[in-house]
Structures are given as C-alpha cells and as structure tokens.
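What the coordinates show
Residue-level listing of the chains:
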Amino acid sequence: MIRIAAVADIHFGADSSGMLRAQFEDLTHHADMLLVAGDLTKCGGPDEGAVVARELTGLPVPVVAVLGNHDYHSDEQATVRSHLEDAGVTVLEGETTTVDVDGARVGIAGTKGFGGGFAGACGTDFGEPEMKAFVRHTMALAEGLEHGLRSLEGCDVRVALLHYSPVRDTLAGERAEIFPFLGSYLLAEAVDHAGADLALHGHAHAGVEKGVTPGGVLVRNVAQPVIKHAYNVYTFEPSRALHADAHA
Amino acid sequence: MAATGEAPAESRHYIVQRVRQALAHDERTNELDLTVSVNGDKVFITGTVPTTERRDAIAVVAREVLPDHEVHNHVTLYETAEPTDGEDLS
Ligand SMILES: [Fe+2]
Ligand SMILES: [Fe+2]
C-alpha cells in the first residue's frame, strides 16, 4: 500500500516552532511521504523559512512541497526555498519528483498555481497589461503542470501538488466573490489532459476537503483548518501490474 | 468605552475592510482568512489560526484600528492531532 500524508497552510511564524514536530517525527506510523501544499509560512520572511525548515528537517519520510502565496509575500521566496532544500525538502515549481514505495513509484508534479476563476465565470487574458499578466501567470503554471504530469507517465500513482485550487468543489464555504482569487479551472484542465490519480491543494481555509475535476480526478483540499489534523493520509493499492509481479 | 451608536451601513462597510487590511498586513497577524463583522460599536472576528500568540494579536491589532469599538475575538486554534486513519483512493 502507498500512503501519502498531506497538509497545507501551516503558516509557520517565529511562534510556531515545535507545533507539528512530534506528529511529523511519527510519520512512519502513518505514511510513506509527506506532501506540503503551500503556505508554509506566515509572511514568507527568511526567519520564518528557517523555523519551518527546522520543523521539517530529518523526518523519517521524504518531504515534498510547493510554496504558497504567503511564502511569496516578503519577496524572499528564493530564501524560503533554499532553507527548505537545505533541510532536505524537495520544493517543486513546474518541476517533478518521484518517491519509491516498496517497488511502486509515486510521481509528483508541483506548482503553486494561481487564480483566475472557474469555467463560465473567470478572468480572460484580455485588456490591460495587468489583467493579461494575471491570467497568463496561471496559464504558464498550468502548462508547466501538464508537462510535468505527462513526464511522469508510467508511474504507479501520479499526484498534482498545488497551492491554489483546480476546482470549485473544495471552495464550498468560501464566499463566491473570492473564487477567482482561490484557484483556476486551468489547473484542472492541465490535470485532466495529462492524467493524474490525485490533485492536492490548500489555500481555501474555509473550504471543504473533497472534490473532483471535470475529468474525474480526485481533488483534496488539505488546508489545515479544513482537515483539522497535523496531516491527512491518502492510500493507494499498487497497480494491477505490480500485483501481478508480486504474486507471479 | 465610548459607543459610536449604530454606524450607517456604508461606513460599516469600510470599517470592516480597514480591520481586514490591518489583519492582513500587520506582521503580528498576516491573516487573510478571517471574517470580520461590525454591529454598532461591536466588532466580531472569527476564523482559525495556528498559534495562541496570533489569536491574541488579532484582538490587539483590531483594537489599534478601532479603539472606540468593542472587539470580540472568537478566533479558534488549529487542531493538530495525528490522523486516526487514512482514506483509500485506489
Ligand atoms: Fe493559507
Ligand atoms: Fe494561500
């Protein structure tokens, strides 16, 4: 069995040190890896990057993360990223990584993603340069995500790791006026075109956990105020092919 | 504490947004995911934050913005227990 632990929006500040350390050190009892879906810090300061990196260093399972909007607020996202990488965390932005679990391969494609809204009620790359830049940022990140997921074809399980939401489903509980700032259908389209087994996101603190893309890919919002635990765990049985090998 | 009486709907509107902006930008909070509502001279704040320090800072920041209002801080803390079981997605 492949066990994926995931959490988002832990928003570490100087006051957070130790808040999740014991639960993280106990991860082997629950999971084979930890995926962190952005907003690791309160405002993206280098000091906060160092605190959250200390919380995530030396854990018994591989840790893979994407950054969230809060991690960009101080314009120190590169510093936050290098603190995390120095602590052994794999940070993805338009990139992929794989984790092997008992001979099965889990592929993870990650991006922060961005907003724009959802089909039928979304922004268009039209008009002022600021509007075009807003929507084109999402388009570029969605394209990178699709490319990344395609490059993982052949993995037993493929996961899209995002901060912004690919679907409206998991935003239930948030006010509809702010949906365009919470995610974009372009992320779901990328996931559906390339194919995946699971899309994880955060950012929607007042949303709900469960959703699905128009193409049928499961979506889980793992924002900590939503899951109300240190992390949630999602499991997959290895593919039929692996089963056949194992029982041959 | 001096009561301001029932503020017109329009000014209530801007008061809410002044508090929300302060809670987002103030380094003691940096909270964008709180709900702020104003009723007369009372301000109610709800939401969930990671630490007691930040929960307490929310009331401090709101009182600095609206010293003549009564701030009711109903913000709760993140729950961080380990999960008891996983969800099978295969
Ligand atoms: Fe967040
Ligand atoms: Fe966020």
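Structure: above.
Below you will find a few notes about this structure. (Residues numbered from 1 in each chain as written. Chains lettered and ligands numbered in written order. Predicted model: local features only at pLDDT ≥ 70, side-chain atom pairs only at ≥ 80, totals over all residues. Heavy atoms only, no water.)

Turning our eyes to something else, we now look at the coordination of the iron ion (ligand 1). All names here are of chain A. Looking at the iron ion (ligand 1), one finds its protein donor set to be Asp9 (OD), His11 (NE2), Asp39 (OD) and His205 (NE2), positioned 2.0 to 2.3 Å from the metal centre. For the iron ion (ligand 1), the 4 donor atoms are set out with angles of 89 to 172° between them, so the coordination reads as irregular. Donor residues binding the iron ion (ligand 1) come from one chain and are separated in sequence as D-x1-H-x27-D-x165-H. Separating the iron ion (ligand 1) from the iron ion (ligand 2) is a gap of 3.4 Å, which Asp39 spans by donating to each of them. His11 matches Asp9 in its accessibility class, with the two residues each being buried. (Donors = N, O, S within 2.8 Å, 3.2 Å for Na, K, Ca; no water. Tetrahedral: all angles 85-135°; square planar, octahedral: opposite > 155°, others 65-115°. Buried < 20%, exposed > 50% of the residue type's maximum accessible area, 1.4 Å probe, protein only.)

This part covers the interface of chain B and chain A. Between chain B and chain A, the residue contacts involve 22 residues of the former and 35 residues of the latter. Summing both partners gives a buried area of about 2500 Å² for chain B against chain A, and 51% of it is carried by carbon and sulfur. The tally of links from chain B across to chain A stands at 3 salt bridges. Taking the shortest distance from any N to any O, the salt bridge between Arg54 of chain B and Asp15 of chain A comes out at 2.8 Å. Linking chain B with chain A are 16 residue pairs in polar contact (both at pLDDT 80 or more). Broken down by secondary-structure element, the contributors of at least two residues to the side of chain B that touches chain A are helix H2 (52-65) and strand E6 (87-88) of chain B. Across the side of chain B that touches chain A, the residue classes break down as 6 nonpolar, 8 polar and 8 charged. (Contact = heavy atoms within 4.5 Å. Buried area = accessible area lost by both parts, 1.4 Å probe. Salt bridge = Lys/Arg side-chain N within 4 Å of Asp/Glu carboxyl O. Polar contact = N/O pair within 3.5 Å; in protein donor to acceptor, adjacent residues only side chain to side chain. Helix = DSSP H or I, 4+ residues; strand = E, 2+ residues; numbered from the N terminus. Nonpolar A, V, L, I, M, F, W, Y, C, P; charged D, E, K, R; others polar.)

Once that is clear, we can look at the coordination of the iron ion (ligand 2). Each donor-metal-donor angle in an ideal tetrahedron of four donors is 109.5 degrees, and each such angle in an ideal octahedron of six donors is either 90 or 180 degrees. Residues and elements named next belong to chain A. In the first shell of the iron ion (ligand 2), the protein supplies Asp39 (OD), Asn69 (OD1), His163 (NE2) and His203 (ND1), at 2.1 to 2.2 Å from the metal. Around the iron ion (ligand 2) sit 4 donor atoms; with metal-centred angles ranging over 88 to 159°, the donor geometry is irregular. In primary-sequence terms, the residues that donate to the iron ion (ligand 2) follow D-x29-N-x93-H-x39-H. Residue Asn69 is classed as partly exposed on the basis of its relative accessible area of 23%.

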